[in-house]
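Inside the fold
Residue-level listing of the chains:
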Amino acid sequence: MKKALITGVTGQDGAYLARFLLEKGYEVYGLVARRSSSNFWRLEYLKVEKDVKLIYGDITDQPSLIKALEKSEPDEAYNLAAQSFVGTSWEQPKLTAKVTALGVLNMLDALRVCNANTRFYQASTSEMFGLIQEEVQCEHTPFHPRSPYGVAKLYGHWISVNYRESFGMYTANGILFNHESPLRGIEFVTRKVTDGVARIKLGRQKELRLGNIDAKRDWGYAGDYVEAMWLMLQQDKPDDFVIATGRTTSVRDMCKLAFGYVGLNYEDYVVIDPQFYRPAEVDILIGNPNKAKEILGWEAKTTLEELIRMMVDADLERVAGEPDR
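Source: prediction; values computed, not measured.

Reading the values: the criteria
- Residues numbered from 1 in each chain as written.
- Predicted model: local features only at pLDDT ≥ 70, side-chain atom pairs only at ≥ 80, totals over all residues.
- Heavy atoms only, no water.
- Pairing = 2+ DSSP bridges.
- Helix = DSSP H or I, 4+ residues; strand = E, 2+ residues; numbered from the N terminus.
- Axes fitted to C-alpha atoms, helices over the stretch in contact; angles between N-to-C directions.
- Contact = heavy atoms within 4.5 Å.
- Expected span 1.5 Å × (residues − 1).
- Buried < 20%, exposed > 50% of the residue type's maximum accessible area, 1.4 Å probe, protein only.
- Phe/Tyr/Trp six-rings, centres within 6.5 Å; stacked < 30°, edge-to-face > 60°.
- Lys NZ or Arg CZ within 6 Å of the ring centre and 35° of its normal.
- Polar contact = N/O pair within 3.5 Å; in protein donor to acceptor, adjacent residues only side chain to side chain.
- Left-handed = near helix turned anticlockwise from the far one by under 90°.
- Nonpolar A, V, L, I, M, F, W, Y, C, P; charged D, E, K, R; others polar.
- Core = buried A, V, L, I, M, F, W, Y, C linked by side-chain atoms within 4.5 Å.
- Salt bridge = Lys/Arg side-chain N within 4 Å of Asp/Glu carboxyl O.

Strand pairing within a sheet occurs via backbone hydrogen bonds; the two strands may be parallel or antiparallel. Spatial ordering of the open sheet is given by 3-2-1-4-5-6-11, a layout of seven strands whose pairing is parallel. Both outer strands of the open sheet, strand 3 (53-56) and strand 11 (240-243), are each paired with one neighbouring strand and no more. Taken over all neighbouring pairs, the strand axes of this sheet differ in orientation by 20° on average, direction set aside. One ladder, built from five bridges, connects strand 1 (residues 3-7) with strand 2 (residues 27-32); its direction is parallel. What sits directly across from I6, in strand 2, is G30. Sitting on the sheet, helix 1 (residues 12-23) is in contact with strand 1, strand 2, strand 4 (76-79) and strand 6 (171-176), with an inclination near 170° to strand 1.

This is the structure in structure tokens:
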């Protein structure tokens, strides 16, 4: 039986990846930091909380990572831990650097010490492209990050490449474009929209305040994308891959889809609020997933329309189950 260690196991991607690997017959370990309150709701939502073996540790504390690796002895390690909200990265740039950038170095060096043969996946991001240098972004598109988060992720990406080239370690970077699900954090715009739609439809909220609704993103379903992570570690040679749908959609049109699904007109409820604008905006992202299709045999299965319906349905159920205030 193969063993895997997932950092960030309580996040959206960590939960979906844990379920995916468990279904593949893996023994799955998840690294979790001790907090004053538990954050296992995503694992519970997917009904895998009893099957993931939790190890307490922290991506910023290399000795705890070494202990986690010694305990789990993984064949594969997936680094999904990060301060992953772009907006917060301006408010807490040092924390973002410590977790999202140096956390990758901590993991790689712990692996080098404990078991350099463990295959390592690093969660890179389309936010590294930032101020886009090409209309459609692929693995060779130059990077130009536009946030402390994007800069931190770029360090993690290149240090992963560096350890591959310097020490012969199997490190693969997944340059994932935006991927969403009912497990997405409420601070992310897709979930903010679908939660707002549910609350407005059920009479719990009167308006939805957003920032730049003309920004465009390549949105896919997180449940599809974790398969690509796994496929990257099954190849003979480590490499880097763009994972995307190849379709870009504005926040405005995403709102139109979400509100339209419940029979509402988004223009009646969306309010533009300047406080949600970012110091440096990424206006458009669209990925070219051809390499992943050709080498990994992977392509997105879920359309944006299907994804938004899935998220709205989940939020309608959640909000309906909340007590009236």
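Still more ground to cover, so stick around.
Compared with the 18 Å implied by 1.5 Å per residue over 13 residues, the 18 Å span of helix 7 (residues 189-201) between its first and last C-alpha is a close match. Most of helix 7 sits inside the fold, with ten of its 13 residues counted as buried. Residues of helix 7 that are buried: T190, R191, V193, T194, D195, G196, V197, A198, R199 and I200. Where helix 7 is buried, its residues touch strand 7 (179-180), strand 8 (208-210), helix 9 (251-261) and helix 11 (304-320). Trailing helix 7 by a residue or two, G203 shows a phi angle of about 75°, which is positive.

Inspection of the entire model under this criterion finds nine aromatic pairs. An aromatic cluster of at least three residues, connected via ring pairs, comprises F129, F143, W158 and F177. For R184, the ring lying beneath its charged end belongs to F188, and the centroid distance is 3.7 Å. A cation over a ring is seen here: K291 above F241, with NZ or CZ 4.9 Å from the ring centre.

Tracing the backbone through its elements, the reader meets K153 in helix 6 (residues 148-167). One polar contact links the side chain of K153 to the main-chain carbonyl oxygen of A123, over a distance of 2.5 Å. Filtering out sequence-adjacent residues up to four positions away, K153 remains in contact with A82, T100, Q122, A123, T125 and M128.

For the pair helix 1 and helix 8 (residues 222-232), the least separation of the axes is 9 Å and the interaxial angle reads 65°. For helix 1 against helix 8, the interelement crossing comes out right-handed. Contacts between helix 1 and helix 8 involve Q12, D13, Y16, L17, F20 and L21 on the former and, on the latter, A222, G223, V226, E227, M229 and W230. When its residues are assigned to classes, the contact of helix 1 with helix 8 shows eight nonpolar, two polar and two charged.

Ranked by size, the top nonpolar core spans 60 residues in total, and within it I6, L21, Y78, Y121 and I243 carry the most contacts. Broken down by element, this core gets its largest block of residues, eight residues, from helix 8. The contact partners of L21, leaving out residues within four places of it in the chain, are A4, I6, Y26, V28, Y78 and W230. In this structure, Y29, A68, A77 and M169 belong to the second largest nonpolar core, which totals 21 residues.

This next bit is on the pattern of salt bridges. Throughout the structure, instances matching the rule amount to 19 salt bridges. Between R199 and D195 there is a salt bridge, with its nearest N and O atoms 2.9 Å apart. On the criterion of helical spacing, the pair formed by R199 and D195 is a turn pair, its members being four residues apart in helix 7. Comparing R199 with D195, the two get one shared label, buried. Of the charged contacts, one joins R247 and E305 as a salt bridge, the two residues approaching to 2.7 Å between their closest N and O atoms.

The topology assignment puts D239 in the loop between helix 8 and strand 11. According to the relative accessible area criterion, D239 is partly exposed, its value standing at 27%. For the pair formed by D239 and Y121, sequence separation is 118 residues and the distance between their alpha carbons is 10.0 Å. In this structure D239 touches R164, T171, A172, N173 and K291, once residues within four positions along its chain are discounted. Here the side chain of D239 touches K291 through a polar contact of 3.0 Å, side chain to side chain.

Helix length check: helix 11 (17 residues) gives 24 Å between terminal C-alpha atoms against 24 Å at 1.5 Å per residue, within 8%. Looking at the buried side of helix 11, the elements it contacts are helix 2 (41-45), strand 7, helix 7, strand 10 (220-221), strand 12 (249-250) and helix 9.

The next subject is unusual backbone geometry. Of note in this structure, K47 is not a glycine but carries a positive phi near 60°. Following the sequence through the fold, K47 ends up in the loop between helix 2 and strand 3. Look at K47 and you get exposed, because its relative accessible area is 69%.

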